[in-house]
Amino acid sequence: MTQKKEPKGRKPMMKRKEAEDGIRHFSIEWMHETNYCPKPGHYPSFSDFKQWLEKHHRSLYLNFRSQIGAENEAEQWFESEIDRYWRNRRS
């Protein structure tokens, strides 16, 4: 059986479910590490989160197949996970 090689300069692709699980997990980790606290009318910064992923060598989680674009979908998961976390804390 031959092993499929990635073309030069291309990052390996993650499976969508693995990427989603990772983004959701790292969203909470990022929030704790940066002491993020929600404010009315203010959304968490996905750009800051992306930089944090790169700094921690986890940007691979932004490389998966998506019909709406991997970064757009990852941003939705990021915001959704942080919203869920704060809703659960208020309950």
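Here the structure is a predicted model, which is why all the values come from computation and not from measurement.

Just to check I follow, could you spell out the overall build of the protein for this structure?
Assigned secondary structure in the protein consists of 3 helices and 0 strands. Along the chain direction, N to C, the helices and strands of the protein fall in the order α-α-α. With the principal axes as the frame, the protein shows a C-alpha extent of 55 × 25 × 20 Å. For the protein, the residues scored as buried account for 33% of the 91 residues in total. Counting contacts in the protein only where the partners sit at least 6 residues apart, residues at least 24 apart contribute 68% of the total. On the protein, roughly 7,000 Å² of surface is accessible, and the fraction owed to carbon and sulfur atoms is 47%.

What should I look at first to understand unusual backbone geometry in this one?
Working note: non-glycine residues mostly have negative phi, and peptide bonds are mostly trans. The phi dihedral of N35 falls on the positive side, at around 55°, and the residue is not glycine. Relative to the helices and strands, N35 resides in the loop between helix 1 (16-34) and helix 2 (46-55). N35 sits in the exposed class, given a relative accessible area of 66%. The phi angle at H57 is positive, at roughly 60°, despite the residue not being glycine. Summarising the element assignment, H57 is placed in the loop between helix 2 and helix 3 (70-90).

I tried to follow the nonpolar core on my own but got confused; where do I start?
Most often, soluble globular proteins keep nonpolar side chains buried together rather than apart. Formed by 21 residues in total, the largest nonpolar core has its most connected members in I23, W30, M31 and F49. Of all elements in the fold, only helix 1, helix 2 and helix 3 reach the threshold of two or more residues within this core. Ignoring anything within four residues of it in the chain, the contact list for W30 reads Y36, P44, S45, D48, F49, W52, F78 and I82.

I keep staring at helix 3 and nothing clicks. Help me out?
Three or four residues apart is the spacing at which side chains of an α-helix point the same way, because the helix has 3.6 residues per turn. Here helix 3 contains 21 residues, and its C-alpha end-to-end distance of 31 Å stays within 8% of the 30 Å for a straight helix at 1.5 Å per residue. Of the surrounding secondary structure, the elements contacted by the buried residues of helix 3 are helix 1 and helix 2.

When you look at the side chain of E73 in this model, what are you seeing that I'm missing?
Here E73 is to be found in helix 3. For E73, the side chain forms a polar contact with the side chain of R16, separated by 2.3 Å. A polar contact is formed between the side chain of E73 and the side chain of S66, at a distance of 2.4 Å. For E73, the contacting residues outside a window of four places in its chain are R16, F64, S66 and I68.

Reading guide: rules and limits
Residues numbered from 1 in each chain as written. Predicted model: local features only at pLDDT ≥ 70, side-chain atom pairs only at ≥ 80, totals over all residues. Heavy atoms only, no water. Helix = DSSP H or I, 4+ residues; strand = E, 2+ residues; numbered from the N terminus. Buried < 20%, exposed > 50% of the residue type's maximum accessible area, 1.4 Å probe, protein only. Contact = heavy atoms within 4.5 Å. Areas by Shrake-Rupley, 256 points an atom, 1.4 Å probe, with all protein chains shown as cover. Core = buried A, V, L, I, M, F, W, Y, C linked by side-chain atoms within 4.5 Å. Expected span 1.5 Å × (residues − 1). Polar contact = N/O pair within 3.5 Å; in protein donor to acceptor, adjacent residues only side chain to side chain.

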